[in-house]
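So you can see what is in the structure, the chains are spelled out below.
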Amino acid sequence: KLSRRLQVIADLIPKVSCAADIGSDHAYIPIHLVQNQQISTAIATEVAVGPLTVSQKDIQAAQLQDVIATRLGDGLGALAPTDRVQAAVIAGMGGQLISQILERGQKQLRSIECLVLEPNNDEPQVRRWLNQHHFAILEEEIVQDGHHIYEVIKAQKQSNVAKLTPMQILFGPILLQQKSAIFQKKWQHKLKQYQMMYNNLQQAKKPDCHKMHGVRQQIQQIEEILQ
Ligand code: SAM
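Rules used in this analysis
Every chain is numbered independently, its residues counted from 1 as its sequence is written. With pLDDT at 70 or above as the cut-off, local features in this predicted model cover only qualifying residues; side-chain atom pairs require 80 or more to be listed or tallied, and sums for whole chains, interfaces and linings still use all residues. Here the side-chain values reflect all heavy atoms present in the structure, with hydrogen atoms and water set aside. Labels follow the DSSP assignment, with helices taken as runs of H or I lasting at least four residues and strands as runs of E lasting at least two, numbered in each case from the N terminus. Only C-alpha atoms enter the radius of gyration, while the globule expectation follows 2.2 Å times N to the 0.38, with N the number of residues. Buried, partly exposed and exposed residues are distinguished by accessible area as a fraction of the type maximum, computed with a 1.4 Å probe on protein chains only: under 20%, between the cut-offs, and over 50%, respectively. Only heavy atoms enter the contact rule, under which two residues are in contact if any of them lie within 4.5 Å. Computed by Shrake-Rupley with a 1.4 Å probe, the accessible areas treat only the displayed protein chains as cover when residues are assessed. Being near a molecule or strand, for a residue, means having at least one of its heavy atoms within 4 Å of it. By the criterion applied in these results, polar contacts are pairs of N or O atoms within 3.5 Å in which, for protein atoms, one can donate a hydrogen and the other can accept it, and in which residues neighboring in sequence qualify only through two side-chain atoms. Residue type decides the class: Asp, Glu, Lys and Arg count as charged, Ala, Val, Leu, Ile, Met, Phe, Trp, Tyr, Cys and Pro as nonpolar, and the leftover types, Gly among them, as polar. Note: domain ranges come from an automatic or database domain assignment. Summed over both partners, the accessible surface that disappears when two parts come together, traced with a 1.4 Å probe, is what is meant by buried area. In what follows, salt bridge is the name for a side-chain nitrogen of Lys or Arg lying within 4 Å of a carboxyl oxygen of Asp or Glu. Nonpolar core, defined: a set of buried Ala, Val, Leu, Ile, Met, Phe, Trp, Tyr and Cys residues in which side-chain atoms within 4.5 Å join the residues together.

(A) Just the overall build of the protein, in detail. Per the secondary structure count, the protein includes 10 helices and seven strands. Whereas a compact globule of 227 residues would reach a radius of gyration of roughly 17 Å, the protein reaches 19 Å, a difference of no more than 12%. Over its C-alpha atoms, taken along the principal directions, the protein stretches across nearly 65 × 40 × 30 Å. Burial status across the protein gives 46% buried among its 227 residues. Considering only intrachain contacts with a sequence separation of at least 6, the fraction spanning at least 24 residues in the protein is 67%. Surface exposure of the protein reaches about 12300 Å², of which carbon and sulfur atoms provide 49%.

(B) Quick look at unusual backbone geometry. The backbone of Gln-37 sits at a positive phi, close to 55 degrees, despite the residue not being glycine. Positionally, Gln-37 belongs in the loop between helix H2 (28-35) and strand S2 (39-46). A relative accessible area of 64% places Gln-37 in the exposed class. One non-glycine residue, His-134, lies in the positive phi region at around 60 degrees. Along the chain, His-134 turns up in the loop between helix H6 (123-132) and strand S6 (135-145). Taking relative accessible area as the criterion, His-134 reaches 45% and is therefore assigned partly exposed.

(C) Focus on the site of the ligand. Taken together, 17 residues surround the ligand, and among them Arg-5, Gly-23, Glu-46, Asp-74 and Gly-75 come closest. For the ligand, an oxygen atom lies 2.7 Å from a polar atom in the side chain of Arg-5. Within the contact set of the ligand, a nitrogen atom lies 3.0 Å away from a backbone nitrogen or oxygen of Ala-91. Coverage of the ligand by the protein amounts to 80% of the 600 Å² it exposes when considered alone. If you list the elements that add at least two residues to the shell around the ligand, you get helix H1 (4-12), strand S4 (87-93) and helix H4 (95-104). For the shell around the ligand, the element with the most residues is S4, which contributes three residues. Of the residues contributing to the shell around the ligand, the split by class is seven nonpolar, six polar and four charged.

(D) Fine view of the domain arrangement of the protein. Here the protein is described as being made up of domain 1 (4-161) and domain 2 (182-226). Once you take the C-alpha centre of each, domain 1 and domain 2 turn out to be 33 Å apart. In this assembly, six residues from domain 1 lie in contact with five residues from domain 2. When domain 1 packs against domain 2, the two sides together hide about 470 Å² of surface, and 61% of this comes from carbon and sulfur. Taken as a group, Ile-142, Gln-144 and Ile-149 account for 80% of the area that domain 1 buries against domain 2, more than any other trio of residues on that side. The tally of links from domain 1 across to domain 2 stands at two salt bridges. Across the salt bridge formed by Glu-123 and Lys-186, the nearest N and O atoms sit 3.6 Å from each other. Counting every contact that joins domain 1 to domain 2 gives two residue pairs in polar contact (both at pLDDT 80 or more). Where the side of domain 1 that touches domain 2 is concerned, the elements lending two or more residues are S6 and strand S7 (148-157). Counting residues per element, the side of domain 1 that touches domain 2 draws most heavily on S6, which supplies three residues.

(E) Looking closely at the nonpolar core. Membership of the largest hydrophobic core comes to 28 residues, with the highest contact counts inside it found for Ile-9, Ile-13, Ile-29, Ile-39, Ile-59, Ile-68 and Val-116. Those elements giving two or more residues to this core turn out to be H1, strand S1 (16-22), H2, S2, S4, strand S5 (114-119) and S7. With five residues, the single largest contributor to this core is H1.

This is the structure in structure tokens:
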């Protein structure tokens, strides 16, 4: 059984003939997707040999080695045009790393129509990259799994993508519309953190005005959406 986080990711992946899971580690997602007939074939990629071996073991244990291929390689560079990958998942990494993988993988992205991304942090950076590279954010989910709250973004390639506002980049265009209970919990927690940071900055011997302005702005933006 998948964890809540992985289940939410899996549910956002469209029914395609071939999907890639970049940085797959244990290959839980491709195994689940094939077993549920959501996809027919998959490619599980890894940059490191250790996790790739784990993927291979899990795929073999599920007897799915004929339909799930494994590849060692950096990001989308592990894929070839002949793979005909239609959707790619990149999950469980920092937002900065996910953005770098997308930036370096633009050649492979020409044939990929759909992305399902779960950055563990720096979500705005991922949204900004998508917005600047013809990917429209169609769905977003926010989920609590254990002590962590995760945001999952589904984007589709489109020729005309409306420019997102700074607030949509920060909070997520769909999450901002929905303002779910988990969303409010996340941002209430962040608000407290920023308020504490602001108080500490205020009490410093030499207050850093530039930093204080930045934190003040974050506080105002969060207060605005939590009203
Ligand atoms: N995707 C799985 C998930 O969400 O549960 C595994 C997440 S695990 C925390 C991150 C994995 O990404 C690691 O196994 C790591 O080796 C892999 N990784 C990191 N950088 C990568 C890159 N540039 N290309 C492919 N895989 C990468």
